[in-house]
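Observations on chain architecture
One-letter residues, chain by chain:
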Amino acid sequence: VEFYDNEKFFDDTKTYTDSFLKLVSDSSKQVVLLNKEYKQNLKFGFVIPFWFDKANDYFDEPILPNILNSLSEIEGGYLVVMSYRNVIDEVQDVSSSELSLANQSGVEIVIAQEVAKNSESKITHYGKSRDDIKIFLNEIINKSKNNVSFSGVSIHDLSAFKSTL
């Protein structure tokens, strides 16, 4: 749900942001109820950009704490953070606050990487070999595994990954 990409978002950022946070909260509560009713353990989460942890042009204050608070009610709540960078230190920089805040919430964090062609070369591994990408993903794992919230890595766009050299 990339509500910030809606062309009307900047007309009323507060309303769009509040609506998204309500969606996260209401959905999380619904998952808790359904898990209890059906004796299940459905995992539930969202994919978010790395900049939800700071005030910026989109938000007056960070919204990550609100999201973590809602998802922490679910056993197995998670966030996939679009930490799209192709330099390991930059991945760590843009993921560190998400991991740190989630360490105390019980919410799992998955660090996502981009492999599709993109005009911003710094955010993608496009053109790299599959072996180089795997090495980079292992670096992320090794540098993040001391965070209790760290749950793994993911690739955005499986078809792009399948076509790697």
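Structural notes, computed from the coordinates. Everything numeric in this text was worked out from a predicted model, so none of it was measured.

**Comments concerning the packing of helix H3 (residues 88-103) against helix H4 (residues 130-144)**
At a closest axis distance of 11 Å, the pairing of H3 and H4 adopts a crossing angle of 40°. Relative to H4, H3 is oriented oblique. In the packing of H3 onto H4, the handedness of the crossing is right-handed. In this structure, H3 uses Ile88, Val91, Gln92 and Leu99 to contact H4, whose residues at the interface are Phe136, Glu139, Ile140, Lys143 and Ser144. A per-class count over the contact of H3 with H4 returns five nonpolar, two polar and two charged.

**Section: the nonpolar core**
Among the nonpolar cores identified, the biggest contains 42 residues, and Phe20, Phe52, Ile67, Leu71 and Leu79 are the most heavily contacted of them. Of all the secondary-structure elements, those providing two or more residues to this core are helix H1 (13-37), strand S1 (44-49), helix H2 (64-71), strand S2 (77-82), H3, strand S3 (108-114), H4 and helix H5 (158-162).

**A look at the packing of H1 against H2**
Orientation of H1 relative to H2, taken along the N-to-C sense of each, is 15°, at an axis distance of 8 Å. It follows from the interaxial angle that H1 and H2 lie roughly parallel. When you trace H1 past H2, the crossing you get is right-handed. Here H1 contributes Phe20, Leu21, Val24, Ser25 and Ser28 to the contact with H2, which in turn contributes Asn66, Ile67, Ser70 and Leu71. Among the residues making up the contact of H1 with H2, the classes are represented as five nonpolar, four polar and no charged.

**Description of the sheet that holds S3**
Strand order across the open sheet formed by four strands is S1-S2-S3-S4, with parallel pairing between neighbours. If you trace the sheet from one side to the other, it starts and ends with S1 and strand S4 (150-156), each paired once. Shown here is a sheet whose adjacent strand axes are inclined to one another by a mean of 25°, direction ignored. Two strands pair when backbone bridges link them, and S2 and S3 are joined in this way by five bridges, in the parallel orientation. Counted as the bridge partner of Met82 is Ala112 from S3. Packing against the sheet, H2 makes contact with S1 and S2, and its axis sits at approximately 150° to S2.

Rules behind the numbers
Residues numbered from 1 in each chain as written. Predicted model: local features only at pLDDT ≥ 70, side-chain atom pairs only at ≥ 80, totals over all residues. Heavy atoms only, no water. Axes fitted to C-alpha atoms, helices over the stretch in contact; angles between N-to-C directions. Helix = DSSP H or I, 4+ residues; strand = E, 2+ residues; numbered from the N terminus. Parallel < 35°, antiparallel > 145°, perpendicular 65-115°, else oblique. Left-handed = near helix turned anticlockwise from the far one by under 90°. Contact = heavy atoms within 4.5 Å. Nonpolar A, V, L, I, M, F, W, Y, C, P; charged D, E, K, R; others polar. Core = buried A, V, L, I, M, F, W, Y, C linked by side-chain atoms within 4.5 Å. Buried < 20%, exposed > 50% of the residue type's maximum accessible area, 1.4 Å probe, protein only. Pairing = 2+ DSSP bridges.

Geometry only, nothing functional implied.
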